[in-house]
Amino acid sequence: MIVMKFGGSSVESRVAIDRVATIVAARAGRHPIVVVSAMGKTTNRLLALADHAVRGDRDRALTALKELEQFTIEEGGAVGGAVPALFQELAELVKGLAVLGELTPRSIDAISAFGERISSLIVAEAFRRNGLDAVHADSREYIVTDERHTQAAPLYPETYDRLKTKLAPIASRQIVVMGGFIGSTRAGVTTTLGRGGSDFSASIIGAGVDAEEIQIWTDVDGMLTCDPRILPVGHRVRVISFSEAAELAYFGAKVLHPSTVLPAIDKNIPVLILNSRRPEVEGTRIVSQAVPAKNVFKSIACKLNITLVHIKSTRMLMAHGYLRRIFEVFDRYQTSVDLLATSEISVSLTVDTTQYIDKIIQDLSEYAEVTVEEGSAIICLVGENIGMTPGIAGRVFASIKDVNVRMISQGASNLNLSFVVDGGDLRKAVAALHDEFFSDPDAQVFERKPAA
Ligand code: ADP
Ligand code: ASP
Ligand code: MG
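Computed from a predicted model, the values in this text were never measured in an experiment.

### Focus on the sheet that holds strand β16 (residues 405-410)
Here we have six strands laid out as an open sheet, ordered β13-β14-β12-β15-β17-β16, and antiparallel in their pairing. The two strands at the open ends of the sheet, each matched to only one other strand, are β13 (337-342) and β16. Looking at each pair of strands side by side, their axes are set apart by 30 degrees on average, direction ignored. Note: β16 against strand β17 (residues 416-422), five bridges, orientation antiparallel. Bridged to Q410 within β17 is L417. Of the strands in this sheet, β12 (299-313), β13, β15 (368-382) and β17 touch helix α8 (residues 242-250), which is tilted by about 60 degrees from β12. Along the sheet face, helix α11 (residues 357-364) touches β12, β14 (346-351) and β15 and points at about 125 degrees away from the line of β15.

Encoded structure:
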């Protein structure tokens, strides 16, 4: 049994969905369970229209919904009236929101889950049209989560039990198609696993049914040595370890949701990243053991639009409990801290949500001087055992001599060297680093990008 997950762009149109059917048909003998994302940009569109509704712009919300329905039916079909019926249900929900004028995490989940509920029906139907023996399964009956709406975490024992006893038997006979991203609480309330969460769903399902492989099909050839949105020069990484992949995902390599590798590690199931537009490319294989390479790093990840906060103690000089007090403030406003560097009385850290930044500054200002730099970017170089390799930091910072480095963090994981630069310097810095560390890629581990 294998799990094959297809992301939004892999199911964005009729042509794309037929391509997926061909890819799955070629692997039908391996008993695939197919996990799909919402079509194209559907999740963004659902969230935007929910926003219009609660802001009182009911008409705009309903127009946007009509447009989404037209797109969905044009590219995916009506599935014997099931799709229009779901859109009808969605319209009622949106009207309700417009009356209430309030968007709770629970209702965000109810709305955004429609994307995957609909796309999975559409893909199952398309498979049958293409002659595959496919059956739809509602992920919410299998993925049991806690109640943290919009960021729910799976309750593993129950989820695995349902997957093993209820889903695996169906999947041994037919090709199961199910939505990623969604689950439900024990009480049956719809939840989602967080943006980009379909990768995570695939991994949970793979671990639950003891799949031999989890395949993440997307729109790039695999994990690349740099983010193609920043710089289109990256080589394909042929093989990478779970820990390196997780670190890259956490620091912005959107190609993989950061939690994806956890269930796979648990059961030691290899994860593959593959391109649905070029299925012949062998992609990236993520494996449990470390992957030695001549190059020190496997890839460079970046996180844009982050905020750097410098906190300098005013009164509590050298007092113990200083860090605790700082973190309590971030905890109070549920803002997670990514990078951290401290000296005697100063702490610098980065956050990627600024929703509560004013309140955070206000609270910290009781005992510290706070300065904030918005529009910063994190650059994160990832490779196994970098802490043990002499001279790495020297090479990194020598290659970006003319870039102002605002903060550095290394050592926490022995896997990454991360630092913060001004957003405007990001491209230049990544280009210089890529030149320095990937101009001669180890052919065992990387496939060199052909010269343009
Ligand atoms: P999907 O809809 O299939 O889940 P995503 O958009 O979530 O696809 O992830 C794929 C995208 O991840 C790529 O199109 C690419 O722009 C981005 N990405 C960022 N960093 C990397 C990287 N290091 N290697 C490959 N892709 C990356
Ligand atoms: N559709 C969801 C999102 O856009 C989940 C996913 O695609 O992974 O975030
Ligand atoms: Mg994704």
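### Digging into the site of ligand 1
Around ligand 1 lies a shell of 16 residues, among which K5, T218, D219, L224 and K254 are the nearest. K5 places a polar side-chain atom, nitrogen or oxygen, 3.0 Å from an oxygen atom of ligand 1. One of the side-chain nitrogen or oxygen atoms of D219 is found 2.8 Å away from an oxygen atom of ligand 1. Bound to the protein, ligand 1 loses 88% of the 570 Å² it would expose on its own. Partitioning the shell around ligand 1 into residue classes produces seven nonpolar, four polar and five charged.

### Notes on the site of ligand 2
Residues in close proximity to ligand 2 include S37, T43, E116, F181, R195, G196, G197 and S198, which together make up its full environment. Contact with the protein chains removes 85% of the 260 Å² of surface that ligand 2 exposes when unbound. Along the lines of polarity and charge, the residues of the shell around ligand 2 split into one nonpolar, five polar and two charged.

### Things to note about the packing of aromatic side chains
All told, the structure shown has seven aromatic pairs when counted by the stated rule. Between the aromatic rings of F6 and W217, the centroid separation amounts to 5.7 Å while the plane-to-plane angle is 15 degrees, which identifies the pairing as stacked. With a gap of 211 residues between them, F6 in strand β1 (residues 2-6) and W217 in strand β7 (residues 213-218) connect regions that are remote in the sequence. On the accessibility criterion, F6 (0% relative accessible area) is buried.

### A few points about the pairing of β13
In the sheet, β13 pairs with β14 via four bridges, with the strands oriented antiparallel. The residue of β14 that forms the bridge with L340 is L349. Hairpin geometry of β13 and β14 is characterised by an intervening segment of three residues between the two adjacent antiparallel strands.

### Some thoughts on the environment of S376
Position of S376 relative to the elements: it lies in strand β15. Of the residues examined, S376 reaches a relative accessible area of 2% and is grouped as buried. The sequence separation of S376 and R406 amounts to 30 residues, and the corresponding C-alpha distance is 8.9 Å. Among the polar contacts listed, one links the side chain of S376 to the backbone oxygen of E373, at a separation of 3.4 Å.

### A closer look at the packing of helix α6 (residues 156-171) against helix α7 (residues 198-208)
Taken N-terminus to C-terminus, the directions of α6 and α7 make an angle of 65 degrees; their axes are 8 Å apart at the nearest point. The orientation of α6 with respect to α7, classified from their angle, is roughly perpendicular. Of the two possible hands of crossing, α6 and α7 adopt the one that is right-handed. Contact residues: α6 offers Y156, T159, Y160, L163, K164 and L167, while α7 offers F200, I204, I205, A207 and G208. Among the residues making up the contact of α6 with α7, the classes are represented as eight nonpolar, two polar and one charged.

Scoring rules and cut-offs
- Residues numbered from 1 in each chain as written.
- Chains lettered and ligands numbered in written order.
- Predicted model: local features only at pLDDT ≥ 70, side-chain atom pairs only at ≥ 80, totals over all residues.
- Heavy atoms only, no water.
- Pairing = 2+ DSSP bridges.
- Helix = DSSP H or I, 4+ residues; strand = E, 2+ residues; numbered from the N terminus.
- Axes fitted to C-alpha atoms, helices over the stretch in contact; angles between N-to-C directions.
- Contact = heavy atoms within 4.5 Å.
- Near = heavy atom within 4 Å.
- Polar contact = N/O pair within 3.5 Å; in protein donor to acceptor, adjacent residues only side chain to side chain.
- Areas by Shrake-Rupley, 256 points an atom, 1.4 Å probe, with all protein chains shown as cover.
- Nonpolar A, V, L, I, M, F, W, Y, C, P; charged D, E, K, R; others polar.
- Phe/Tyr/Trp six-rings, centres within 6.5 Å; stacked < 30°, edge-to-face > 60°.
- Buried < 20%, exposed > 50% of the residue type's maximum accessible area, 1.4 Å probe, protein only.
- Parallel < 35°, antiparallel > 145°, perpendicular 65-115°, else oblique.
- Left-handed = near helix turned anticlockwise from the far one by under 90°.

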